[in-house]
Each structure stands twice: as C-alpha cells, then as structure tokens.
Amino acid sequence: QVHLVESGGGVVQAGGSLRLSCTASERLFSISHMGWFRQAPGKQREFAAAITSGGQTQYADSVKGRFTISRDNDAKNTVYLQMNSLKPEDTAVYYCNAYAWTPGSGRATDQWGQGTQVTVSS
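Source: prediction; values computed, not measured.

Student: Whenever I open this one, the side chain of Glu6 confuses me. Can you help?
Tutor: Among the structural elements, Glu6 can be located in strand β1 (residues 4-7). At 3.1 Å, the side chain of Glu6 forms a polar contact with the backbone nitrogen of Gln114. When sequence neighbours within four positions are dropped, the list of residues in contact with Glu6 reads Ser21, Cys22, Trp36, Tyr94, Tyr95, Cys96, Gly113, Gln114, Gly115 and Thr116.

In structure tokens form, the structure reads like this:
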C-alpha cells in the first residue's frame, strides 16, 4: 500500500525551476524523516535530500546549493523540494521517502511514493 503521494513533476528547460510536493497519509505516524531520492534511466536510485522531524536537512553534493527541502509548517506530513538551476542531468523519476511506522508494523520502515517524472531539456 502506498502511503506517500507526490506531485509537481514536469518538463522544464535547463536553468528553470520546479517544486515537488509529497504528502504522507494519516496511516503513517512517528515519521522521523522524509526525503527525496531520484532514479535516472539506466542508473540506480540515489539520495537527493532529506529533512528530519526537527528540521535538520541533508543534501547530496550534486544538488547542494540548487535544491531546497522544506516541511509545511502546518501539515508536518508534507514536504517540498524546490529545485532551481535545473540541469539535464537532473532528469529522473523523483521518489518521496519517509521512515515511519504503520499500524501493525511493529517497527519503523522505509515508505516510498510512486514517483514523479522530472525532465530537464537542454
């Protein structure tokens, strides 16, 4: 069952911007951190950015200074990824991730969204 819903992907020219959103369902609780991973064609999924429940952020070197991850102040189960100065190499499917508990799971596990396509044209 998918508990994360992403939106905001699309096609943009190099140098442009996009903002991705991810909302976790109410079935997820005690979310310790949320983040974004991405997978380009023919490549493995890689980490992009993450934010903890306390607001600490972490970024991959490849996106540092261009991407900003944030959480909704009112809805703590929503995170955003503001992507600026996009490059063709940022083209990938972007997946939302959360480390959280689900009812009956007995422990926290990684949860994944279905992904949203980001395409940057040169």
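Student: Sorry, what's going on with the pattern of salt bridges here?
Tutor: For side chains bearing opposite charge, pairing can occur when the charged atoms are close. Tallied over the entire structure, the rule returns four salt bridges. Between Arg38 and Asp90 there is a salt bridge; the shortest N-O distance is 2.9 Å. Here Asp90 lies in the loop between β8 (78-83) and β9 (92-101) and Arg38 lies in strand β4 (residues 29-39), a separation of 52 residues in the sequence. What makes Asp90 buried here is its relative accessible area of 0%.

Student: Help me out: how do you make sense of the packing of aromatic side chains in this one?
Tutor: Two numbers describe a pair of aromatic rings. These are the distance of the centres and the angle of the planes. Tallied over the entire structure, the rule returns three aromatic pairs. Relative to Phe47, the ring of Phe37 lies with its centre 5.6 Å away and its plane at 75°, an arrangement referred to as edge-to-face. Within this pair, whereas Phe37 is found in strand β4, its partner Phe47 is found in strand β5 (residues 46-52), the two being separated by ten residues in sequence. Judged by relative accessible area, Phe47 falls into the partly exposed class, the value being 26%.

Student: Any chance you could explain unusual backbone geometry here in plain terms?
Tutor: For Ser30, which is not a glycine, the phi torsion comes out positive at approximately 50°. With respect to the helices and strands, the residue Ser30 is situated in strand β4.

Student: How do you make sense of the pairing of β5 when you look at a structure like this?
Tutor: If a strand is regular, its side chains alternate between the two faces of the sheet. When β4 meets β5, the two strands line up antiparallel, connected through six bridges. Residue pairing across strands places Trp36 opposite Ala49, the latter belonging to β5. As defined by bridge partners, β5 adjoins strand β6 (residues 57-59) across three bridges and the pair is classed as antiparallel. Counted as the bridge partner of Ile51 is Thr57 from β6.

What counts as what
- Residues numbered from 1 in each chain as written.
- Predicted model: local features only at pLDDT ≥ 70, side-chain atom pairs only at ≥ 80, totals over all residues.
- Heavy atoms only, no water.
- Helix = DSSP H or I, 4+ residues; strand = E, 2+ residues; numbered from the N terminus.
- Polar contact = N/O pair within 3.5 Å; in protein donor to acceptor, adjacent residues only side chain to side chain.
- Contact = heavy atoms within 4.5 Å.
- Salt bridge = Lys/Arg side-chain N within 4 Å of Asp/Glu carboxyl O.
- Buried < 20%, exposed > 50% of the residue type's maximum accessible area, 1.4 Å probe, protein only.
- Phe/Tyr/Trp six-rings, centres within 6.5 Å; stacked < 30°, edge-to-face > 60°.
- Pairing = 2+ DSSP bridges.

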